[in-house]
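# Commentary on secondary and tertiary structure
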Amino acid sequence: MSTEENIISVLSEKRTFSPHESFIKQANLNKSEYDRLILKANTDLEGFWDELAENNIFWFKKWEKVLDWNEPFSKWFVGAKTNISYNCLDRHLRNKANKTALIWIGENGEKKELTYKELFSEVCKFSNSLLKLGIKELDRVIIYMPLIPEAVVAMLACARIGAIHSVVFGGFSKEALADRINDAKARLVITADGGYRRGQVVPLKSNVDEALKKCPTIENVIVVQRVGVCHDKPLHFNVSINRGRDIFYHDLVSKESEVSEPHLLDSEHPLFTLYTSGTTGKPKGILHTTGGYILWATVTTKWIFDIKDTDVYWCTADIGWITGHTYVVYGPLSCGATVLLYEGAPNYPDWAIFWKIINENKVSVFYTAPTAIRSFMKAGDEWVKKYNLSSLRLLGSVGEPINPEAWMWYHENIGAKKCPIVDTWWQTETGGILISPLPGITVTKPGSATFPLPGIFASVVDQDGNSVGPNEGGSLVIKKPWPSMLRTIYGDDERYKKNYWSQIKGAYFAGDGARCDEDGYFWILGRVDDVIKVSGHRLSTMEIESALVSHHDVAEAAVVGYPHDIKGEAICAFVVLKSNVTARSVGDEAVPIGIASPSARNDIKLIEKLKQHVVKEIGPIAKPDQIKFTDSLPKTRSGKIMRRLLRDIASGKQTTGDTTTLEDVSVLEKLRIEEE
Ligand code: WT7
């Protein structure tokens, strides 16, 4: 079949892909074990978790009870003691001390490898340094770093001593960083002088310096020299050092011993918070804990990525996202895998860099995002053809729905039609993958995340919580607690309850719409709340709106997502300017009075200013693709912005559906006229 024919049959959901015999034979999870697990989960769910915890994780002390469930609060493996860094490092020292744990590749091509023994020593040294600085169990530590081995060391060292880490993506602005530091009331920031991004230096340390002007709780800053040369030589890249507060990483660790005892932590000891966007302007600190999290991270890595000792595993996520936590660091290291880390972007120095890395390092398992796959498709197949990708045996996708066209391209061009593709559905909140094909078992349909994993009770329901029929759309819910679920929103139990456990009675509401087809396959339809997914990054429309209204020229703003070929969704902001914004008040720019006039709409300078303002407030990932000026926004009589209408306008669609609740129908007409 040609690709075109394939896509047509795929779009009609008729074409299915079965795992190859050779893959089935060697898979970590086979059909008979899968059937046994499903039966066990259906008949004795606690026994199911008990058995998995016993077989996959090292515990210093066993639990008295598998689950303590007081909806919506859960405690898993109650009374047990463990340590995640012990599971990721110490337990491999007997058989895998000299196995490569990390292969790190810098944006400028440098390469560093660390064995399990070496990674263990680095983590021990840094744990000792943290203890000497006075960091105690439950203290919050912010990690704001490029993707370098020290970032992984920092996470594991916090986990080793029971400090709670909170990684802030290096692309976030100093404002976003300050908000997160203050919400966490953190004592320490671990950063680098800078990070490389497409040949440019991102000034991480100076962002930290700026942020800390508003962060009274921070006592120390540890700085890794990534961009500047070694400390005993003159710096190429100058960072200011605040004596008494800032310390270089290399100065700290050089004095430390290469062993440190892991703290014996309670199974419910907090491991990390990770900030993610919700439906309000304020990011939420999603809290994950120890025993349940590492169990599900480990088991899903084994089942879904089929990790073997011989694999070179590469997940392209940054550690600033949940995927970087669970499937770059904790899951694969707990499985004793060889993990590749790449510091750079997929298109620098050119569109072949990923394929070059796969070829040179014999990567066998590759996990990336649909937005990256679509960019590769657009860049052209010739980049892929430059390198031999025959080491690949399994492919994964995450972050947003993968469209069947991208799935087919991935399958044919990267997977050479032989690699199973796992389209994994999950969230920051779920801690690990909940819906995904199992590569040696599941018959896949391109575009479907297929089925919930054993132990996961997912369902598509209506507003009253009743299951909907085949192919009917509804809300995606999880009906029973699972070990890697978020425990709360840091410092805000009420918001946790309200956000996730109040919309549909007795179930966790994910915020996604979905449907199940007649064969029971799950098709994720995207967010049903005010969260948008731009290049797989999760953003709240309200967060971008607050950033816009914090600009002195803006009175009101409404932000919506609209479909985009590569990014999945793009951002359109409708902006009402303050009535006194005239040519004089915005400097020498020609902004005429009568804002909605075509010349104001096309005021490139003001548009660019507002875009840059959002970049400054949040970061480049939140930069609007389009800004449209208007003199009012369509609202319901109760004052709610009618985003559906704005979405239609942003995507150039004819406005459909009911507009009878619109407060001022003329607003819509005006917006339409402006479009023409
Ligand atoms: C949201 C969670 C999970 C790690 C990365 C994103 C969307 C995620 C899929 C998928 C369709 C997906 C959902 C979800 N999403 N994976 N395979 N198919 N949609 O984590 O930033 O917390 O975002 O990403 O909308 O709710 P996140």
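Whatever comes next refers back to the structure up there.
First, a word on scope: everything that follows refers to the structure included in this document. This one's a predicted model, so the numbers in the text were calculated from it and none came from an experiment.

## A look at the overall build of the protein chain
- Helix and strand counts for the protein chain come out as 23 helices and 30 strands.
- Whereas a compact globule of 676 residues would reach a radius of gyration of roughly 26 Å, the protein chain reaches 25 Å, a difference of no more than 12%.
- Projected onto its principal axes, the C-alpha positions of the protein chain cover 75 × 65 × 55 Å.
- Here the contacts in the protein chain between residues at least 6 apart in sequence split such that 70% fall between residues at least 24 apart.
- Carbon and sulfur atoms make up 51% of the accessible area of the protein chain, which totals about 26,000 Å².

## Some details on the packing of aromatic side chains
- In total, this model carries 40 aromatic pairs according to the counting rule given.
- The interplanar angle of 85 degrees and the centroid separation of 5.1 Å between the aromatic rings of Y327 and W426 together place this pair among those described as edge-to-face. Highlighted residues: Y327 in helix α13 (residues 322-334) and W426 in the loop between β20 (421-424) and β21 (458-461), separated in sequence by 99 residues.
- Among the residues examined, Y327 registers a relative accessible area of 0% and is labelled buried.

## Thoughts on the side chain of E175
- Tracing the sequence through the fold places E175 in helix α9 (residues 174-184).
- Of the residues examined, E175 reaches a relative accessible area of 13% and is grouped as buried.
- Contact partners of E175, with chain neighbours within four places excluded, come to K214, K616 and E617.

## Details of the sheet that holds strand β24 (residues 508-516)
- One open sheet holds the 4 strands; their spatial order is β21-β22-β24-β25, and the pairing between them is antiparallel. Strand pairing shows two members of the sheet lacking a second neighbour, β21 and β25 (522-527), which therefore form its edges. Averaged over all adjacent pairs, the angle separating strand axes in this sheet is 45 degrees, with direction ignored.

## With respect to the pairing of strand β7 (residues 164-167)
- Across the two faces of β7 the burial is the same, with I164 and S166 and H165 and V167 all buried.
- Here 4 bridges tie strand β6 (residues 140-144) to β7, and the two strands are oriented parallel to one another. Across the sheet, residue I143 finds its bridge partner in β7, namely V167.
- Note on the crossover from β6 through helix α8 (residues 149-161) to β7: the handedness is right-handed.

## Quick look at the site of the ligand
- In the vicinity of the ligand lie 17 residues, with D423, T424, T428, D512 and R538 positioned nearest.
- Between the ligand and P401 there is a distance of 3.4 Å, counted from a nitrogen atom to a backbone nitrogen or oxygen.
- Between the ligand and the protein, one listed contact pairs an oxygen atom with a side-chain N or O atom of Q427 at 2.9 Å.
- A total of 550 Å² of accessible area belongs to the ligand in isolation, and the protein chains cover 95% of it.
- Within the residue set of the shell around the ligand, elements represented by two or more residues are α13, β20 and β25.
- Here the residues of the shell around the ligand are counted per class, giving 6 nonpolar, 5 polar and 6 charged.

## Description of the environment of I649
- Counting through the fold element by element, I649 comes out in helix α22 (residues 643-650).
- Put simply, I649 and V560 are 89 residues apart on the chain and 9.9 Å apart in space, counted from C-alpha to C-alpha.

## Side note on the pattern of salt bridges
- The full count for this structure, using the stated rule, is 40 salt bridges.
- For D309, the salt bridge is made with K99, and the minimal N-O distance between the two is 2.8 Å. With D309 in the loop between α12 (291-304) and β16 (312-315) and K99 in the loop between α6 (93-96) and β4 (100-105), this pair connects stretches of sequence that are 210 residues apart.
- Its relative accessible area of 48% is what places D309 among the partly exposed residues.
- Using a relative accessible area of 14% as the deciding quantity, one classes K99 as buried.
- Between K282 and D183 there is a salt bridge, and its shortest N-O distance comes to 3.0 Å. Of the two residues, K282 is situated in the loop between β14 (270-276) and β15 (284-289) and D183 in helix α9; the sequence distance between them amounts to 99 residues.
- Residue K282 is classed as partly exposed on the basis of its relative accessible area of 48%.
- In the salt-bridge network here, residues are joined through shared partners; they are K136, D139, R187 and E219.

## A short note on helix α7 (residues 116-132)
- With 17 residues, α7 should reach 24 Å at 1.5 Å per residue; the first-to-last C-alpha distance of 24 Å fits that figure.
- Where burial is concerned, most of α7 is hidden: 12 out of the 17 residues are buried.
- Along α7, the residues classified as buried are Y116, L119, F120, S121, V123, C124, K125, F126, S127, N128, S129 and L130.
- Downstream of α7 by a residue or two, G134 has a phi angle that is positive, lying close to 95 degrees.

## Points about the packing of α9 against helix α10 (residues 204-212)
- For the pair α9 and α10, the least separation of the axes is 8 Å and the interaxial angle reads 55 degrees. The pairing of α9 with α10 is recorded here as oblique in orientation. For the pair α9 and α10, the crossing hand works out as right-handed. Across the interface between the two elements, K174, L177, A178 and I181 from α9 touch N207, V208, E210, A211 and L212 from α10.
- For the contact of α9 with α10, the residue count by class is 6 nonpolar, 1 polar and 2 charged.

## Some remarks on the sheet that holds β4
- Here we have 7 strands laid out as an open sheet, ordered β5-β4-β17-β16-β18-β19-β20, and mixed in their pairing. Edge positions in the sheet fall to β5 (111-115) and β20, since each has one partner strand and no second. Neighbour-to-neighbour, the strand axes of the sheet open up by a mean angle of 20 degrees, direction not taken into account.
- In this sheet, strand β17 (residues 338-342) lies alongside β16 in parallel orientation, the contact comprising 3 bridges. Bridging across to β17, W314 finds its partner in L340.

Here is what the cut-offs are and how they apply
- Residues numbered from 1 in each chain as written.
- Predicted model: local features only at pLDDT ≥ 70, side-chain atom pairs only at ≥ 80, totals over all residues.
- Heavy atoms only, no water.
- Helix = DSSP H or I, 4+ residues; strand = E, 2+ residues; numbered from the N terminus.
- Rg over C-alpha atoms; globule rule 2.2 N^0.38 Å.
- Contact = heavy atoms within 4.5 Å.
- Areas by Shrake-Rupley, 256 points an atom, 1.4 Å probe, with all protein chains shown as cover.
- Phe/Tyr/Trp six-rings, centres within 6.5 Å; stacked < 30°, edge-to-face > 60°.
- Buried < 20%, exposed > 50% of the residue type's maximum accessible area, 1.4 Å probe, protein only.
- Pairing = 2+ DSSP bridges.
- Axes fitted to C-alpha atoms, helices over the stretch in contact; angles between N-to-C directions.
- Right-handed = clockwise from strand over helix to strand, strands pointing away.
- Near = heavy atom within 4 Å.
- Polar contact = N/O pair within 3.5 Å; in protein donor to acceptor, adjacent residues only side chain to side chain.
- Nonpolar A, V, L, I, M, F, W, Y, C, P; charged D, E, K, R; others polar.
- Salt bridge = Lys/Arg side-chain N within 4 Å of Asp/Glu carboxyl O.
- Expected span 1.5 Å × (residues − 1).
- Parallel < 35°, antiparallel > 145°, perpendicular 65-115°, else oblique.
- Left-handed = near helix turned anticlockwise from the far one by under 90°.

Honestly, that's just the spatial picture; any functional story needs more than this.
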